[in-house]
Amino acid sequence: MKEKGCQQYLDFASGYDSFAYYYQNQMHVFEIDKKEVIEDKRQRCKDVDIENIQFLSIDLSQDNWINTLLQSDYQEDQLSISSMLGLSYYLTKDEFKKMLKQLSKYLLKGSHLVFDYPSIQESKETKINEMLAKEADESMKAKYSFAELKEILNQCHLTIIQHENHQTVTEKYISNYNVYYKDDSIKAPEGVCYCVVEK
């Protein structure tokens with residue numbers, strides 16, 4: 001995306017992600033999360049001199065969350081890439097669809113969005129994630145079939161350009177690691193799919 005002139009990275013539920021610190025001043029990064037998370041991260045990073053980050057305290061469950069983004073330095077007429085990794089688990093299907101619709105309205109054609117989602121396929125990892133979420137006073141609110149997800153994206157004017165499940169992720173991105181570390185091989189978690197879409 002950067003080769004195509006993309007200069008904006010929207011990091012939804014950014015938490016303590018360090019993307020902006022690896023790409024110092026190469027892209028304008030918008031770190032988007034709940035107020036308490038953003039305030040804590042700003043305090044921790046107060047001595048770091050980076051000009052390309054804008055912290056946005058946003059509650060994505062609120063209907064008017066998009067207004068905070070639009071009032072920031074975000075440019076609707078520029079390409080962007082949005083990361084929503086780890087977010088869909090904690091939104092209902094209606095909330096996730098509404099969020100995608102709101103964001104899609106203000107994305108320039110050609111912009112990309114990447115996210116993962118829990119599939120309707122049950123797995124050991126899915127059950128563990130549900131248990132961990134409950135222990136953190138959260139809950140996994142939705143699971144999707146591919147057909148269901150595709151229909152939601154179509155309604156939001158978003159087109160799937162890449163879709164991976166745990167098998168293809170392991171084959172494409174992890175298999176080389178496993179060749180060198182046969183005694184400590186790893187695999188992508190079952191029951192989780194990854195998706196890249198384009199406006």
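Above this note sits the structure.
The rules behind each value
Residues numbered from 1 in each chain as written. Predicted model: local features only at pLDDT ≥ 70, side-chain atom pairs only at ≥ 80, totals over all residues. Heavy atoms only, no water. Helix = DSSP H or I, 4+ residues; strand = E, 2+ residues; numbered from the N terminus. Buried < 20%, exposed > 50% of the residue type's maximum accessible area, 1.4 Å probe, protein only. Contact = heavy atoms within 4.5 Å. Arc of directions from axis to C-beta. Patch = residues over 30% accessible without salt bridge, like charges linked within 9 Å, V, L, I, M, F, W, Y side chains within 5 Å. Areas by Shrake-Rupley, 256 points an atom, 1.4 Å probe, with all protein chains shown as cover. Salt bridge = Lys/Arg side-chain N within 4 Å of Asp/Glu carboxyl O. Core = buried A, V, L, I, M, F, W, Y, C linked by side-chain atoms within 4.5 Å. Phe/Tyr/Trp six-rings, centres within 6.5 Å; stacked < 30°, edge-to-face > 60°. Lys NZ or Arg CZ within 6 Å of the ring centre and 35° of its normal. Pairing = 2+ DSSP bridges. Axes fitted to C-alpha atoms, helices over the stretch in contact; angles between N-to-C directions.

Trainee: Help me understand the overall build of the protein in this model?
Mentor: When helices and strands are tallied, the protein shows 7 helices and 7 strands. In the protein, the succession of α and β elements from N to C terminus is β-α-β-α-β-α-β-α-β-α-α-β-α-β. Looking at the protein residue by residue over its 199 residues, the buried ones come to 43%. Within the protein, contacts between residues separated by at least 24 positions form 71% of all contacts whose residues are at least 6 apart in sequence.

Trainee: How do you make sense of the side chain of Ser-88 when you look at a structure like this?
Mentor: Its place among the elements puts Ser-88 in the loop between β4 (80-83) and α4 (93-104). Setting aside residues up to four positions removed in sequence, Ser-88 forms contacts with Phe-96, Asp-116, Tyr-117 and Pro-118.

Trainee: Honestly, helix α2 (residues 35-44) in this entry has me stumped. Any pointers?
Mentor: For an α-helix, the turn length of 3.6 residues means that residues three or four places apart are oriented alike. Of all the residues in α2, the buried ones are Val-37, Ile-38 and Lys-41. For α2, the buried positions fall inside an angular range of 95 degrees around the axis, keeping them on one side. Away from the buried face of α2 by more than 90 degrees, exposed residues Lys-35 and Glu-36 are located. Contacts made by the buried residues of α2 are with α1 (19-22), β2 (28-33) and β3 (53-57).

Trainee: Looking at this model, I keep getting lost on a nonpolar patch on the surface. Mind explaining?
Mentor: Together, Tyr-177, Val-179, Tyr-180, Tyr-181 and Ile-186 give the surface a local cluster of nonpolar side chains, amounting to about 550 Å² of exposed area. Within the fold, Ile-186 resides in the loop between α7 (166-180) and β7 (192-198).

Trainee: Teacher, can you tell me more about the nonpolar core here?
Mentor: Grouped burial of nonpolar side chains is what soluble globular proteins tend to show. Membership of the largest hydrophobic core comes to 32 residues, with the highest contact counts inside it found for Phe-12, Trp-65, Met-84, Leu-100, Leu-103 and Phe-115. Elements represented by at least two residues in this core include exactly β1 (8-12), β2, α3 (65-70), α4, β5 (112-118), α6 (146-155) and β7. The element contributing the most residues to this core is α4, with 4 residues. Excluding residues within four positions of it along the chain, Phe-12 makes contact with Ile-32, Leu-60, Trp-65, Ser-82, Ser-83, Met-84, Leu-87, Met-99 and Leu-103. Counting 13 residues, the second-largest nonpolar core is a separate cluster that includes Phe-19, Met-27, Val-29 and Phe-55.

Trainee: Honestly, the packing of aromatic side chains in this entry has me stumped. Any pointers?
Mentor: On inspection of all chains with the given rule, the structure shows 9 aromatic pairs. Among the aromatic residues, those joined into a cluster by ring pairs are Phe-96, Phe-115, Tyr-117 and Tyr-144. If you follow Lys-93 out to its NZ or CZ, it ends over the ring of Tyr-144, 5.4 Å from the centre.

Trainee: Whenever I open this one, the sheet that holds β5 confuses me. Can you help?
Mentor: Backbone hydrogen bonds are what pair the strands of a sheet, in a parallel or an antiparallel way. Ordered in space as β3-β2-β1-β4-β5-β7-β6, the 7 strands form an open sheet in which the pairing is mixed. In this open sheet, the two edge strands, each paired with only one partner strand, are β3 and β6 (159-164). Averaged over all pairs of adjacent strands, the angle between their axes in this sheet comes to 20 degrees, without regard to strand direction. Pairing of β6 with β7, which is carried by 5 bridges, proceeds in the antiparallel orientation.

Trainee: How do you make sense of unusual backbone geometry when you look at a structure like this?
Mentor: Working note: non-glycine residues mostly have negative phi, and peptide bonds are mostly trans. Positive phi, close to 50 degrees, is recorded for Ala-13, a residue that is not glycine. The residue Ala-13 is located in the loop between β1 and α1 in this model. For His-157, which is not glycine, the phi dihedral falls at a positive 60 degrees. With respect to the helices, strands and loops of the structure, His-157 is situated in the loop between α6 and β6. His-157 sits in the exposed class, given a relative accessible area of 59%.

Trainee: How do you make sense of the environment of Cys-193 when you look at a structure like this?
Mentor: As for its placement among the helices and strands, Cys-193 is situated in strand β7. Sequence separation between Cys-193 and Pro-118 is 75 residues; the distance between their C-alpha atoms is 6.4 Å. Those residues in contact with Cys-193 that sit more than four places away from it in its chain are Phe-115, Asp-116, Tyr-117, Ser-119, His-163, Glu-164 and Asn-165.

Trainee: What's the story with the environment of Phe-96 in this structure? I'm lost.
Mentor: Relative to the helices and strands, Phe-96 is located in helix α4. Separated by 36 residues in the primary sequence, Phe-96 and Leu-60 have C-alpha atoms spaced 9.3 Å apart.

So, to be careful, I would describe these as geometric facts and stop short of saying anything about function.
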